Amino acid sequence: MTDTATREGIRAVLETFPHTPKAHVQSFGCQLNFCDGEKYQGILRDLGFELTDSREEADVILYNACAVRAHAESRVLGWLGALKSLKERNPRLVIGLCGCMAEEQSVRELLRKSYPYVSMVLGAGAMERLPGALLEVYRGQKHTEALAFAGLPDETLPTVRMSRFLASVPVMYGCNNFCTYCIVPYVRGRERSRSPEAIEQEVRGLIAQGYREILLLGQNVNSYGRGLETEISFPTLLRRLDRIPGDYFIRFMSSHPKDATPELIDTIMQSEHIGRHLHLPVQSGSDAVLRAMNRHYTVEKYLALIDYARALDPDFSFSSDLIVGFPTETEADFQQTLALIRRVKYDNLYTFIYSPREGTPAAETENVSTEAEIADRMARLLETQRALSEQFNARFLGRTCRMLAEKYNEVTGILTGKTREGLNAAVPGRAEQVGQMLDIRITGVKNWALTGEAV
Ligand code: SAM
Ligand code: SF4
């Protein structure tokens with residue numbers, strides 16, 4: 001972890017502060033970014049900072065931002081712009097940008113030119129570089145950059161988890177797939193897996209601390225284990241983790257359909273802690289678009305896996321990611337996407353309007369559709385899925401499901417959370433039930449969620 005000289009250098013600076021030094025870390029984007037954010041928090045707390053939700057009272061502000069869509073990036077740039085006045089009022093304030101957005105050369109150039117008060121730029125996975133970068137800034141350096149996405153983060157990095165019952169555990173970093181629309185392989189580097197021993201040790205520790213849901217993360221968990229000294233498949237890792245005793249759920253994301261196998265479905269079916277649910281991002285229902293996206297599967301192959309699972313359990317739950325308005329997508333392609341979602345009957349869909357990302361092949365292609373056509377497709381997609389979700393979720397009516405209560409609304413008295421199958425659920429309850437596993441009887445289906453009562 002942080003070497004002694006750096007730690008002492010920072011401590012010496014912090015001792016000159018007239019108050020307890022405070023740090024504010026805010027993460028945006030995917031679960032993996034939030035997971036990195038928990039490590040940035042851990043490191044800052046370990047260096048002697050108190051964590052704060054308030055930017056105004058912070059001595060270090062770190063935005064941990066996502067590069068996947070342009071809209072999210074412009075929002076972060078807007079937020080960074082708003083920090084200028086804080087820096088003017090407090091010259092000792094250190095402002096940093098980290099995460100995959102900070103890997104982009106265009107962003108780094110923009111920061112150097114137009115945001116000179118942003119003094120630390122740390123790429124995705126450059127957590128270990130934070131103490132050194134901070135010390136450089138405290139010693140007078142105006143701007144420091146560290147880009148590091150090649151290796152695995154140090155296993156001993158401290159973590160401050162945002163939840164006391166939901167924990168994310170990365171099993172691998174990076175991506176080798178180069179989908180033509182996606183910036184991730186350029187900003188997070190090639191695939192590399194953590195050892196199964198390190199993952200198991202972390203999961204055992206979390207369960208012993210009372211964590212109720214373990215979310216295993218990777219850009220394509222199905223290629224987990226490739227390149228390790230002793231190769232191991234993702235289903236084998238799942239079976240190993242599932243043997244850990246306790247009352248908890250295991251979830252994982254994302255599964256690339258080109259590498260998802262019947263063995264994965266069999267593992268889910270036989271497991272004690274994994275619900276009968278798979279997040280299987282399809283992106284489009286048109287083979288022509290899937291080819292242009294470089295996804296390496298056809299709709300037929302995708303459906304074969306869905307049918308395999310549904311033959312074992314007709315209620316097997318699927319969710320997916322879909323992109324609307326990919327440059328080559330025509331209305332006829334979109335109709336095939338609608339046909340696919342009617343055929344699969346997803347419980348949940350995460351839908352994205354295509355966002356061109358500089359440096360990716362798709363960004364070079366002119367879009368065959370107008371913005372208005374794309375917006376109209378998105379509206380039709382959402383409406384179709386809303387009706388389908390309600391219809392298909394109705395299969396749970398009258399049944400008892402296991403739910404992890406995640407949030408409580410003081411005004412309505414409603415607890416919300418997810419069932420073992422990954423479906424959103426809402427039941428009347430009490431604040432102290434947050435973090436507990438509940439058995440709930442399903443009596444209704446409303447707004448993408450199951451409703452009912454605890455039994
Ligand atoms: N690796 C995962 C996979 O392939 O399923 C997903 C990671 S990606 C961060 C999450 C989702 O963002 C993708 O499944 C895709 O639907 C969406 N996405 C990625 N690049 C996009 C882009 N340029 N525009 C719109 N959506 C995008
Ligand atoms: Fe992006 Fe494709 Fe890799 Fe997912 S699999 S992170 S969509 S390149």
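Counting restarts for each chain, with residues numbered from 1 along the sequence as it is written. To read the labels, note that chains go from A and ligands from 1, taken in the order they are written. Note on the predicted model: pLDDT of at least 70 is required for a residue's local features to be given, and 80 or more for side-chain atom pairs to be given and counted; whole-chain, interface and lining totals, by contrast, use all residues. To obtain the side-chain values, all non-hydrogen atoms of the structure were included, while hydrogens and water were left out.

1. Brief notes about the overall build of the chain
For the purposes of this entry, the term helix denotes a DSSP run of H or I that reaches at least four residues, the term strand denotes a run of E that reaches at least two, and both are numbered from the N terminus. Each helix and strand in the chain was counted, giving 14 helices and 19 strands. Every radius of gyration here is taken over C-alpha atoms, with the globule rule written as 2.2 Å times N^0.38, N being the number of residues. Taken over C-alpha atoms, the radius of gyration comes to 23 Å for the chain, in line with the 23 Å a tight globule of 455 residues would show. Dimensions of the chain along its principal axes, counting C-alpha atoms only, are 65 × 55 × 50 Å. Categorising residues by exposure relies on relative accessible area from a 1.4 Å probe, with only protein chains included: less than 20% of the type maximum marks a residue as buried, more than 50% marks it as exposed, and the intermediate range marks it as partly exposed. Across the 455 residues of the chain, 55% fall into the buried class. Only heavy atoms enter the contact rule, under which two residues are in contact if any of them lie within 4.5 Å. Across the chain, every contact between residues at least 6 apart in sequence was considered, and the portion connecting residues at least 24 apart equals 74%. A residue counts as positive if it is Lys or Arg and as negative if it is Asp or Glu; His and the chain ends are not included. By convention, the charge on Lys lies at NZ, on Arg at CZ, on Asp at CG and on Glu at CD. If you average the places of the 53 positive and of the 58 negative side-chain charges in the chain, the two averages end up 2 Å apart.

2. So, the site of ligand 1
Neighbouring residues are identified by heavy atoms, a residue being near a molecule or strand if any of them is within 4 Å of it. Taken together, 15 residues surround ligand 1, and among them Y181, Q219, Q283, D321 and S355 come closest. In this structure, an oxygen atom belonging to ligand 1 sits 2.7 Å away from a side-chain N or O atom of Q283. Counted as a polar contact is a pair of N or O atoms within 3.5 Å, where, for protein atoms, one must be capable of donating a hydrogen and the other of accepting one, and residues adjacent in sequence contribute only when both atoms are in side chains. Side-chain polar atom of R295 to an oxygen atom of ligand 1: 3.4 Å apart, as the coordinates give it. All accessible-area figures derive from a Shrake-Rupley calculation using a 1.4 Å probe, and residue coverage is judged against the displayed protein chains alone. Burial of ligand 1 by the protein chains amounts to 92% of its free accessible area of 560 Å². Of all the secondary structure elements, the ones that give two or more residues to the shell around ligand 1 are strand 13 (317–324) and strand 14 (348–353). Grouping the constituent residues of the shell around ligand 1 by class yields seven nonpolar, four polar and four charged. Under the grouping applied here, Gly and all other residues not named as nonpolar or charged are polar, the nonpolar ones being Ala, Val, Leu, Ile, Met, Phe, Trp, Tyr, Cys and Pro and the charged ones Asp, Glu, Lys and Arg.

3. Brief notes about the pattern of salt bridges
Any carboxyl oxygen of Asp or Glu within 4 Å of a side-chain nitrogen of Lys or Arg constitutes a salt bridge here. Tallied over the entire structure, the rule returns 34 salt bridges. Note that R395 is salt-bridged to D315, the shortest N-O span being 3.7 Å. With R395 in the loop between helix 14 (371–393) and strand 15 (400–409) and D315 in the loop between helix 12 (299–312) and strand 13, this residue pair connects regions lying 80 residues apart in the sequence. Take R395 and D315: they sit in the same class, and that class is buried. If you follow the salt bridges from partner to partner, you end up with E38, E155, R161, R194 and E202 in one network.

4. What about the site of ligand 2?
With respect to spatial proximity, the complete set of residues near ligand 2 consists of C175, N177, F178, C179, Y181, C182, V184, P185, Q219, H256 and R295. Looking at the shell around ligand 2 residue by residue, the class counts come to seven nonpolar, three polar and one charged.

5. A word on the packing of aromatic side chains
Here a Phe, Tyr or Trp ring, Trp counted by its six-membered ring, pairs with any other such ring whose centre lies within 6.5 Å, and the pair is stacked when the planes are under 30 degrees apart, edge-to-face when over 60, and tilted otherwise. Counting across every chain of the model gives 11 aromatic pairs. Plain terms: the ring middles of Y63 and W79 are 5.9 Å apart, the flat faces sit at 75 degrees to each other, and that makes the pair edge-to-face. Of this pair, Y63 sits in strand 3 (residues 60–64) while W79 sits in helix 3 (residues 70–82), and the two are 16 residues apart along the sequence. Owing to a relative accessible area of 0%, Y63 belongs among the buried residues under this scheme. Note on Y181 and F326: the rings are 6.4 Å apart at their centroids and 85 degrees apart in plane angle, and the pair reads as edge-to-face. Taken together, the residues span a long stretch of sequence, with Y181 in the loop between strand 8 (172–173) and helix 7 (184–188) and F326 in the loop between strand 13 and helix 13 (331–344) at a distance of 145 residues. The class of Y181 is buried, set by a relative accessible area of 10%. Three or more aromatic residues joined by ring pairs form one cluster here, namely F28, Y63 and W79. Consider the ring centre and the ring normal. A charge sits over the ring if Lys NZ or Arg CZ is within 6 Å of that centre and within 35 degrees of that normal. Geometry around F392 places R395 over its ring, the cationic atom sitting 3.8 Å from the centre.

6. Side note on helix 2 (residues 31–46)
How far a helix is expected to stretch is found by multiplying one less than its residue total by 1.5 Å. Here helix 2 spans 23 Å end to end across 16 residues, near enough to the 22 Å set by a 1.5 Å rise per residue. With 12 of its 16 residues buried, helix 2 lies for the most part within the structure. Along helix 2, the residues that are buried comprise L32, N33, C35, D36, G37, E38, K39, Y40, Q41, G42, I43 and L44. The first or second residue beyond helix 2 is G48, which carries a positive phi of 115 degrees.

7. Quick notes on the environment of S255
Here S255 lies in the loop between strand 11 (249–253) and helix 10 (262–270). For the pair S255 and L415, spaced 160 residues apart in sequence, the C-alpha separation works out to 29 Å. In this view, S255 contacts N220, V221, N222, L264, L278, H279, L280 and P281; residues no more than four positions away in its chain are not counted. Separated by 3.3 Å, the side chains of S255 and N222 make a polar contact.

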